[in-house]
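For reference, the chains in residue letters:
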Amino acid sequence: MSKLIERLTTAFKLTEDLVDSLSDDALKLSLGDLPSNTIGEQIWCMVGARESYLQAIIHSEWSGFSCSLTDVSSNSSVSDSLKNSSGSCIDYIQSIEPNSIQTDFLFLLLEHEIQHHGQLIRYVYGNKLPFPDSWKDRYTV
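Residues numbered from 1 in each chain as written. Predicted model: local features only at pLDDT ≥ 70, side-chain atom pairs only at ≥ 80, totals over all residues. Heavy atoms only, no water.

A.B. asks: I'd like a rundown of the packing of aromatic side chains, residues and numbers included.
C.D. replies: As enumerated under the stated definition, the model contains 7 aromatic pairs in all. For the pair Trp 135 and Tyr 139, a centre-to-centre distance of 5.3 Å together with 55° between the ring planes defines the contact as tilted. Remark: Tyr 139 and Trp 135 occur in helix H6 (residues 133-139); sequence separation between them is 4 residues, near one turn of the helix. The pair formed by Trp 135 and Tyr 139 is uniform in burial state, with each residue classed as buried. In this structure an aromatic cluster arises from ring pairing among Tyr 125, Phe 131, Trp 135 and Tyr 139. When the ring centre of Phe 12 is taken as origin, the NZ or CZ atom of Arg 50, which lies over that ring, is 4.1 Å away. (Phe/Tyr/Trp six-rings, centres within 6.5 Å; stacked < 30°, edge-to-face > 60°. Helix = DSSP H or I, 4+ residues; strand = E, 2+ residues; numbered from the N terminus. Buried < 20%, exposed > 50% of the residue type's maximum accessible area, 1.4 Å probe, protein only. Lys NZ or Arg CZ within 6 Å of the ring centre and 35° of its normal.)

Have a look at this one:
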């Protein structure tokens, strides 16, 4: 379990690093003529997944998706939501010995976070934005 917590912590930190490198204007960018939402809306989905999967882990069952992040175009708001949601997740899972259902939700949360990393790489490339060093090291972008 400690390895899974380590991987989640690393994934959450990578997301925070990327957002810390983005301006408010960058959060409003999409992928041009392609069907896409904005970078901020991608982050909204990540925060919502963290919050929703945490509830699923606490209750050992899915209880729906919800997200507390309301301003996806403000770097400070997005950054605060990322830090709060990652802290809540990590603090809770470190305080329990997860059962098999909770462990499945933890893996789903990790998969969701990493899938968004792949999407965000396309957004950063597509908008010719710079990657933070942590992303260059992890994903060789």
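A.B. asks: An account of the environment of Gly 118 is needed here, citing residue identities and associated values.
C.D. replies: In this structure, Gly 118 sits in helix H5 (residues 100-126). The spatial distance from the C-alpha of Gly 118 to the C-alpha of Thr 140 is 12 Å, given a sequence separation of 22 residues.

A.B. asks: How would you summarise the environment of Phe 65 if you had to cite specific residues and measurements?
C.D. replies: Tracing the sequence through the fold places Phe 65 in the loop between helix H3 (39-59) and helix H4 (75-94). Residue Phe 65 is classed as partly exposed on the basis of its relative accessible area of 40%. In this structure, the C-alpha to C-alpha distance between Phe 65 and Ser 77, residues 12 residues apart in sequence, is 20 Å. Discounting residues that sit within four places of it in the chain, Phe 65 has contacts with Trp 44, Cys 45, Gly 48, Ala 49 and Ser 52. (Contact = heavy atoms within 4.5 Å.)

A.B. asks: Now, about the packing of helix H1 (residues 2-20) against H4: what can you tell me, with residues and values included?
C.D. replies: Relative to each other, H1 and H4 sit at 175°, their axes nearing to 10 Å. Here H4 runs roughly antiparallel to H1, going by the angle between their axes. Here Ile 5, Leu 8, Thr 9, Phe 12, Thr 15, Glu 16, Val 19 and Asp 20 of H1 come into contact with H4, specifically with Asn 75, Val 78, Ser 79, Leu 82, Lys 83, Ser 86, Cys 89, Ile 90, Ile 93 and Gln 94. When grouped by side-chain class, the residues that make up the contact of H1 with H4 number 9 nonpolar, 6 polar and 3 charged. (Axes fitted to C-alpha atoms, helices over the stretch in contact; angles between N-to-C directions. Parallel < 35°, antiparallel > 145°, perpendicular 65-115°, else oblique. Nonpolar A, V, L, I, M, F, W, Y, C, P; charged D, E, K, R; others polar.)

A.B. asks: Describe the pattern of salt bridges, naming the residues involved and giving the relevant values.
C.D. replies: By the definition in use, this model includes 6 salt bridges. As a salt-bridge pair, Asp 17 and Lys 13 come within 2.5 Å of each other at their nearest N and O atoms. One end of the pair is Asp 17 and the other is Lys 13, both in helix H1 and 4 residues apart, which spans about a single turn. The closest approach of N and O atoms between Glu 113 and Arg 50, which form a salt bridge, is 2.6 Å. (Salt bridge = Lys/Arg side-chain N within 4 Å of Asp/Glu carboxyl O.)

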